[in-house]
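Chains, contacts and geometry: an overview
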Amino acid sequence: MRLIENSRTDAPELLGPVFLPGRDGTYELQLVGGRVGAVRPAVGPARGLALPAFADLHVHAERAYAPGPRLPRSLVDAIELSRALRAGASVEQIFARETAFLDRALGHGSLTVRSHVDVDSVVEERALRAAIAARAAFAGRLQLELVAFATALCDPVSPDGERRLTAAAQLGADLLGAVPAFYPDPGASIERMLDLGRSLGLPIDLHVDETTDPGVFWLERLAEATLERGLEGRVTASHCCSLASVTSDLARRTITTVAAAGITVVALPATNLFMQGRGGSAPGGRGITLIGDLVEAGVPVRFGSDNVRDVFYPYGDCDPLEAAFLAAIGAHVDDEDVLLAGICGGRTRIEPGDPADLVVLDASSLREAIARRPGARTVLRAGRVVSSVQRSLPKD
């Protein structure tokens, strides 16, 4: 029996019966013109759990599937290990890794992927050109947002850094990114990134405070600078690990300012749990930002896969359900709406009028989907099937 039925060529397509988040029982979705036209109670056995399509809002697709010679001892060590790999990578090799990553991401249910693409003197424009080609290859199936990511070797304050980021914007980058803590004057680099984004008309997504060291803390400065420039809603802060290490008073004050600045925070549970505190005895900190406190203050919090089987993280499969699973156990995120919003770009329900961007999984509830992360998934974009993977592990 097909998941989507249409008995007449002039009739809307019907998806179901399916389970839906936030509703008891089974339902049938009417799909009209790329949107959900109606949600009606259904009879008969459910054919799966329908969720809003996933949005994986922080990945490094170009680095995927390029492991180093050994596991990294620290974040700094991983950066050094990756330099030689990036220097020798051709556009063709990077494109192959990008498309392999995106194919997996689409099969898992991601219709939006935001990839941070290295921009510096080592990889030059090769990574961005490969990513732009990959974006074109997946057009109509998956939206690939490209962040021109100024690495530790590309300080935006320097003439060379500004030139490279401006060139990346002209080539077709959608956002600008950087890693302020690795530059000589992080505060100045934050302000320069915001000014450059404003002048180029591009949003900003920065790697911020990727450490459990409370002495490295730039999130508050970023929020203040965002407010000073009137860039509310145009800035994303990724990682924000040391927010969980600073004093409670500083954390509360910073979260209030982040909320006022309309900054979205992207937590990266997998890589941060793996990397933070590495190299010594068993780590004392979890390496994940204060998700619950941020959500309570009204800050949009999203989850990303970050690295997949590369120098920085040897595991992963670009599956947002894995990010939700690790957020649930690593940061005690129990609220299913927070978990859904984190992996679905803010969506938590499927209602009439919504885009028919959906993923249907072999599960009866979100909790079961996160627990089992089933392989069998059907992915719809605007009501059209763009991926159908029919594989699954046996149920318990």
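Provided above is the structure to which this section pertains.
Residues numbered from 1 in each chain as written. Predicted model: local features only at pLDDT ≥ 70, side-chain atom pairs only at ≥ 80, totals over all residues. Heavy atoms only, no water.

1. Re the pairing of strand β10 (residues 204-208)
So the rule is basically this: Exposure classes here rest on a 1.4 Å probe applied to the protein chains alone. A residue is buried below 20% of its type maximum, exposed above 50%, and partly exposed in between. A run of H or I in DSSP becomes a helix once it reaches four residues, and a run of E becomes a strand once it reaches two; helices and strands are each numbered from the N terminus. Pairing between strands requires that DSSP locate at least two bridges from one strand to the other. With strands facing away from the observer, any crossover in which the path from the first strand over the helix to the second runs clockwise is taken as right-handed.
With 5 of its 5 residues buried, β10 lies for the most part within the structure. Residues I204, L206 and V208 line one face of β10 and the alternating positions D205 and H207 line the opposite face, and both faces are buried. As paired strands, β10 and strand β11 (residues 235-239) are joined by 5 bridges and run parallel to one another. Among the inter-strand pairings, I204 is bridged to a residue of β11, identified as V235. Read from β10 through helix α6 (residues 219-228) to β11, the crossover connection turns out right-handed.

2. Some words on the sheet that holds strand β5 (residues 49-52)
Test applied: Axis definition: a line fitted to C-alpha atoms, limited for helices to the stretch in contact. Angles are taken between N-to-C directions and run from 0 to 180 degrees.
Here we have 4 strands laid out as an open sheet, ordered β5-β14-β15-β16, and antiparallel in their pairing. Here the strands that pair on one side only, and so sit at the sheet edges, are β5 and β16 (384-389). Strand-to-strand twist in this sheet, taken as the mean axis angle between neighbours without regard to direction, amounts to 20°. In this sheet, strand β14 (residues 358-361) lies alongside β5 in antiparallel orientation, the contact comprising 4 bridges. Within β14, the position partnered with L51 by the bridge is V359.

3. Digging into the pattern of salt bridges
So the rule is basically this: What makes a salt bridge here is a side-chain nitrogen of Lys or Arg within 4 Å of a carboxyl oxygen of Asp or Glu, nothing more.
Counted according to the given criterion, the structure contains 30 salt bridges. Residue D195 is joined to R229 by a salt bridge in which the shortest nitrogen-to-oxygen separation is 2.6 Å. With a gap of 34 residues between them, D195 in helix α5 (residues 186-200) and R229 in the loop between α6 and β11 connect regions that are remote in the sequence. Of the residues examined, D195 reaches a relative accessible area of 23% and is grouped as partly exposed. The salt bridge partner of D249 is R252, with a shortest N-O separation of 2.3 Å. One end of the pair, D249, and the other, R252, are both in helix α7 (residues 248-260), 3 residues apart, so they sit about a helical turn from each other. Of the residues examined, D249 reaches a relative accessible area of 53% and is grouped as exposed. One salt-bridge network, held together by shared partners, links E191, D195, R198, R221, E228 and R229.

4. Here's the deal with the packing of aromatic side chains
To keep things clear, this is the line we draw: To pair, rings of Phe, Tyr and Trp, with the six-membered ring standing in for Trp, must have centres within 6.5 Å; the planes then decide the type, stacked if under 30 degrees apart, edge-to-face if over 60, and tilted in the middle. Any Lys NZ or Arg CZ that is within 6 Å of a ring centre and within 35 degrees of that ring's normal is treated as a charge sitting over the ring.
Under the counting rule described, the total for this entry stands at 3 aromatic pairs. Ring geometry for F274 and Y315: centres 6.1 Å apart, planes at 85°, overall edge-to-face. Separated by 41 residues along the polypeptide, F274 in helix α8 (residues 269-275) and Y315 in the loop between β13 (301-303) and α10 (320-330) bring together distant segments of the chain. For F274, a relative accessible area of 14% puts it in the buried group. Judged by centre distance (5.7 Å) and plane angle (80°), the ring pair of Y313 and Y315 falls under edge-to-face. Residue class for Y313 comes out buried when judged on its relative accessible area of 7%. The structure contains a cluster of three or more aromatic residues connected by ring pairs, namely F274, Y313 and Y315. Geometry around Y27 places R23 over its ring, the cationic atom sitting 5.2 Å from the centre. Lying over the aromatic face of F325, R373 brings its terminal NZ or CZ to 4.5 Å of the ring centre.

5. A closer look at empty space enclosed by the protein
This is how the line gets drawn: A pocket, in this scheme, is an open set of points on a 1 Å grid over the protein atoms alone with protein on both sides within 12 Å along at least 5 of 7 lines, while a cavity is a set where a 1.4 Å probe fits but cannot get out; residues line either one if an atom lies within 4 Å of a point. Grid points are joined across faces, edges and corners, and a volume is the space filled by probe spheres set on the points. We call Asp, Glu, Lys and Arg charged. Ala, Val, Leu, Ile, Met, Phe, Trp, Tyr, Cys and Pro are nonpolar, and the rest, Gly among them, are polar.
Summed over the entire model, instances satisfying the criterion amount to 2 cavities of 30 Å³ or more. There is about 240 Å³ of room inside the largest cavity. Lining the largest cavity are 21 residues, with R63, L75, I79, F149 and F312 positioned closest to its centre. Among the elements that make up the lining of the largest cavity, the one with the highest residue count is helix α1 (residues 75-87) (5 residues). Residue classes in the lining of the largest cavity are distributed as 8 nonpolar, 7 polar and 6 charged.

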